[in-house]
Amino acid sequence: MHTHTFLLCLSFLAGMDCVEEEVDFNWEEYLEETGATAAPHTSFRHVELSLQSSFQPGMKLEVANKGSLDTYWVATIITTCGQLLLLRYCGYGDDRKADFWCDVMTAGLHPVGWCAQNNKMLQPPKAIKEKNSDWTEFLIKELTGSRTAPANLLEGPLRGKNTVDLIVVGCILEVRDAFEPNVYWAARVQSNIGGRLCLSYVGLNDPAYDMWMFYLDTRLRPLGWAKENNLSIKPPTDLCDLRSTSEWTEALDEATAKALKSPLPLEVFKDHADLHTHSFRAGMKLEMVSPKEPFHICPVSVTKVYNEYYFQITVDDPTAEATPTCVVCHADSPGIQPVQWCLKNGVGLERPQGFESQDFHWADYLKHTGTEAAPDVCFPNVRLSLKSDMWLEAVNPLQPSELCVARITQVKGRLLWLRLEGLTKPLPDCIVDVESMNIFPVGWCEANGCPLTHLLKTVCLPQKKIAVSLCLCLNYSCSQLFINHRCFSGPYLNKGRIAELPKAVGPGKCAVVLKEILTMLINSAYKPGRVLRELQMVEDPQWNCQEETLKAKYKGKSYRSNMRIVRTADQVSEFCRRVCERLQCCLNLFGPTIVSDKCPENCFSQTKTKYTYYKKRKVGRPSLGENAQDGDMTKPARRRKKRKAIFVQKKRRTSIVGYQTTESFEEEDRLVLERNPLEWSVSEVVDFITSTDCASLAKIFQEQDIDGQALLLLTLPTVQECMDLKLGPAIKLCHQIERVKVAFYSQFAN
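The notes below deal with the structure included here. All values reported here derive from a predicted model rather than from experimental measurement. (Residues numbered from 1 in each chain as written. Predicted model: local features only at pLDDT ≥ 70, side-chain atom pairs only at ≥ 80, totals over all residues. Heavy atoms only, no water.)

### Looking at the packing of aromatic side chains
Then, in step 1: With the rule as written, the count across this model stands at 20 aromatic pairs.
Then, in step 2: Geometrically, the ring pair formed by Phe 214 and Phe 440 is tilted, given 6.0 Å between the ring centres and 55° between the ring planes. Taken together, the residues span a long stretch of sequence, with Phe 214 in strand β12 (residues 211-214) and Phe 440 in strand β24 (residues 439-440) at a distance of 226 residues.
Then, in step 3: An angle of 75° between the planes, with centres 5.3 Å apart, marks the rings of Phe 360 and Trp 362 as edge-to-face.
Then, in step 4: Take Phe 360: its relative accessible area is 17%, and that puts it in the buried class.
Then, in step 5: For Trp 362, a relative accessible area of 5% corresponds to the buried category. (Phe/Tyr/Trp six-rings, centres within 6.5 Å; stacked < 30°, edge-to-face > 60°. Helix = DSSP H or I, 4+ residues; strand = E, 2+ residues; numbered from the N terminus. Buried < 20%, exposed > 50% of the residue type's maximum accessible area, 1.4 Å probe, protein only.)

As structure tokens, then:
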């Protein structure tokens, strides 16, 4: 391909429209390829609780006697594991020797009282029969005040289900009013996704008014809760005008009568947190994540105290025409913070709407309004296990039915700032509490069959047809590449494994075909990790490349390496030869040439110990901290005296044949080295790093004794692993290292 044609193509590509395109998303691959970190599953307590068994330790039930037909005895649940229960017959006390496991789905387990109702014999096991003279009195004492396993969890369609799975479509719950904490109304479950419930108020059939809540939300209670606790049963305050009083009442009566025939098991609510008493008073000021737009924090006031558990908060807005934004809170409500929390944590605080002064200061504001700040004791403390740059899945606050891939951009106190990925219209970072039930661990959506809005891939669409025809000149496709099994496999590759590979791969896109073959070779190696390191050295600044991630597994360990693979057909042959040369195998082991019988390199007669074709080449040492192997490198020259300048920088210029880190060409600070970096001492490496924008990392190079040879072998994975750097600083550092590599190959490699 001619350079002027390529430049012409680029000029048209510059006028392209870029759009974002969905791609298949896999969390495991994404985390592995980017080095990103998933938030720990244990950080999501509500999810951990949702996975627990409906049975709890200490529950009593009746179970068949082992070794005694048609007799039963009472047992206690010791622990649970999914649908398996570890049981101990009552009467064994603390003796664990007779504990046994039962599967709820297959074992004969029954609720207490089942034997009496079905004329079955209840008698203790033979091993303990003589321990007590009056077993009837023993059982009365044992069962008094104890919890018995619910009958519907041992028998019928709900048998063996986890707590969250007990909530089926059509179930009726009661929901606390959003504006009046003493008011409840019934709601019907429209769907249950891993405990996330889509609820519709009874009497309303319009999906526009559906709401999403996690089943552990403190607003949810079992049917009949309000009546038992002398609370009001009224239609939702903000929706009551949509129906007449008689329509609301008729709908409630009908739904209640139907729900009582198959009531929701009370075990659903066993893990609901008890509310703590609060110490807020009306008039107190505090800061809170905006209830309507959770992208900023604003000043708010306690405007009403209902009781020892609930109080009302109103967003400060002194303008006369403003409609008050109110929300019911309790002591553990997410998003509430003390006055000056934003100032102490370096977070911006929204100025109240209509506030006359341009600069907001709490001291002046409290004095101006004649109010007091809520004391710090009013607010809960939480121990955080989440950190910046961790990834998770989160609810879109403006579209509660949607869950997105999210990254934590910052953590302050108990608040997280989340960047939601893949949205058609990007949102500012949303703010959530660390104990929010709207955040989930990586993989939660996939495990529960829930769609996940993930990252989008940017692609460019040409505005003119000529751009398409010119780009075809790049010739990204190649014909078949052959794997010649009879050729010499070299010291790194196992000939037996090579023989099992297909004879050819392709045709197809150059980078795809080459990546497939390279992956096969890596997995045919004695030590895949070593081959990965060798392949990293296969580069040429004049190649048109794209970076691909190659992976390997060896002795239970996973290895990953980034390699630049050529993209155009005219460079495939040379690329294959360079790979073979690097692996010290026959130049025809794989590539566009097919070897039917006798290899023109006459390699078939060679052995691994005698094959010395590539002994003359110079390479760096195998890896940081390893000893060089015989034949791997020539003896390094004696180190010269240190010069003041070991490198100089050229002015910025556009280069279409220079090294590139992305698929588009961009300006680079090209280095011109006065001395071969293979000969750099540790101090010279430190000097170079200090001269770049990674100067803060120079100390690490000094501490780890990284000289020039080691520097040239560093890659993104090794930098992250050996230097314990986050992805951002690691990429920045690797950019500087790649500049040295480019200069090395262009000035000294030949």
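Okay, back to it.
### Topic: the pattern of salt bridges
Then, in step 1: Within the structure shown, the criterion is met by 22 salt bridges.
Then, in step 2: Across the pair Lys 515 and Glu 548 runs a salt bridge, and its minimum N-O distance is 3.3 Å. Linking Lys 515 in helix α14 (residues 510-523) with Glu 548 in strand β30 (residues 545-554), this pair joins segments that are 33 residues apart in sequence.
Then, in step 3: Looking at Glu 548, the relative accessible area reads 18%, which means it is buried.
Then, in step 4: In this structure, Arg 582 engages Glu 534 in a salt bridge whose closest nitrogen and oxygen atoms are separated by 2.7 Å. Here the residue Arg 582 occupies a position in helix α16 (residues 572-582), and Glu 534 occupies one in helix α15 (residues 528-536), the gap between them amounting to 48 residues. For the residue pair Arg 582 and Glu 534, the accessibility class agrees, reading buried in each case. (Salt bridge = Lys/Arg side-chain N within 4 Å of Asp/Glu carboxyl O.)

### Some points on the sheet that holds strand β18 (residues 326-329)
Each strand in a sheet pairs with another by means of backbone hydrogen bonds, the pair being arranged parallel or else antiparallel.
Then, in step 1: Taken in spatial order, the 5 strands make up an open sheet running β18-β17-β16-β15-β19, and their pairing is antiparallel. Edge positions in the open sheet fall to β18 and β19 (336-337), since each of these has one partner strand only.
Then, in step 2: As judged from the 5 bridges shared by strand β15 (residues 285-289) and strand β16 (residues 297-305), these two strands associate in the antiparallel manner. Each residue of the ladder has a partner; that of Val 289, found in β16, is Ile 297.
Then, in step 3: The strands touched by helix α10 (residues 362-369) are β15 and β16; relative to β15, the strand with the most contacts, the crossing angle is about 125°. (Pairing = 2+ DSSP bridges. Contact = heavy atoms within 4.5 Å. Axes fitted to C-alpha atoms, helices over the stretch in contact; angles between N-to-C directions.)

### Remarks on α14
Then, in step 1: Between its terminal C-alpha atoms α14 stretches 20 Å, which fits the 20 Å expected from 14 residues at 1.5 Å a residue.
Then, in step 2: The complete set of buried residues in α14 reads Cys 510, Ala 511, Val 513, Leu 514, Ile 517, Leu 518, Met 520, Leu 521 and Ile 522. (Expected span 1.5 Å × (residues − 1).)

### Notes on the nonpolar core
Then, in step 1: Phe 55, Leu 61, Val 63, Leu 87, Leu 109, Leu 199 and Leu 418 are the most contacted members of the largest nonpolar core, which has 81 residues in total.
Then, in step 2: Counting residues per element, this core draws most heavily on helix α8 (residues 245-259), at 5 residues.
Then, in step 3: When residues of this core are assigned to domains, at least three fall in each of domain 1 (53-154) and domain 2 (163-269).
Then, in step 4: With near-sequence residues (within four places) excluded, Leu 418 lies in contact with Leu 392, Ala 394, Ala 406, Arg 407, Ile 408, Thr 409, Asp 429, Cys 430, Val 432 and Ile 439.
Then, in step 5: Within the second largest apolar cluster, 45 residues are counted, among which are Leu 501, Leu 532, Ala 552 and Val 579. (Core = buried A, V, L, I, M, F, W, Y, C linked by side-chain atoms within 4.5 Å. Domains from an automatic or database assignment.)

### As for the sheet that holds strand β27 (residues 481-483)
Then, in step 1: The sheet built from 3 strands is open, its strands ordered β28-β27-β32 with antiparallel pairing. Strands with a single pairing partner mark the edges of an open sheet, and in this sheet they are β28 (504-505) and β32 (590-591).
Then, in step 2: By the bridge criterion, 2 bridges tie β27 to β28 in an arrangement that is antiparallel. Bridge assignment links Leu 481 to a residue of β28, and that residue is Val 505.

### So, the packing of α14 against α16
Then, in step 1: Where α14 meets α16, the axes come as close as 12 Å, and the angle between the chain directions of the two elements is 20°. Between α14 and α16, the angle falls in the class roughly parallel. At the point where α14 passes α16, the crossing takes the right-handed sense. Only Val 572, Phe 575, Cys 576 and Val 579 of α16 make contact with α14, whose side of the interface consists of Cys 510, Leu 514 and Leu 518.
Then, in step 2: Taken together, the residues of the contact of α14 with α16 break down into 7 nonpolar, no polar and no charged. (Parallel < 35°, antiparallel > 145°, perpendicular 65-115°, else oblique. Left-handed = near helix turned anticlockwise from the far one by under 90°. Nonpolar A, V, L, I, M, F, W, Y, C, P; charged D, E, K, R; others polar.)

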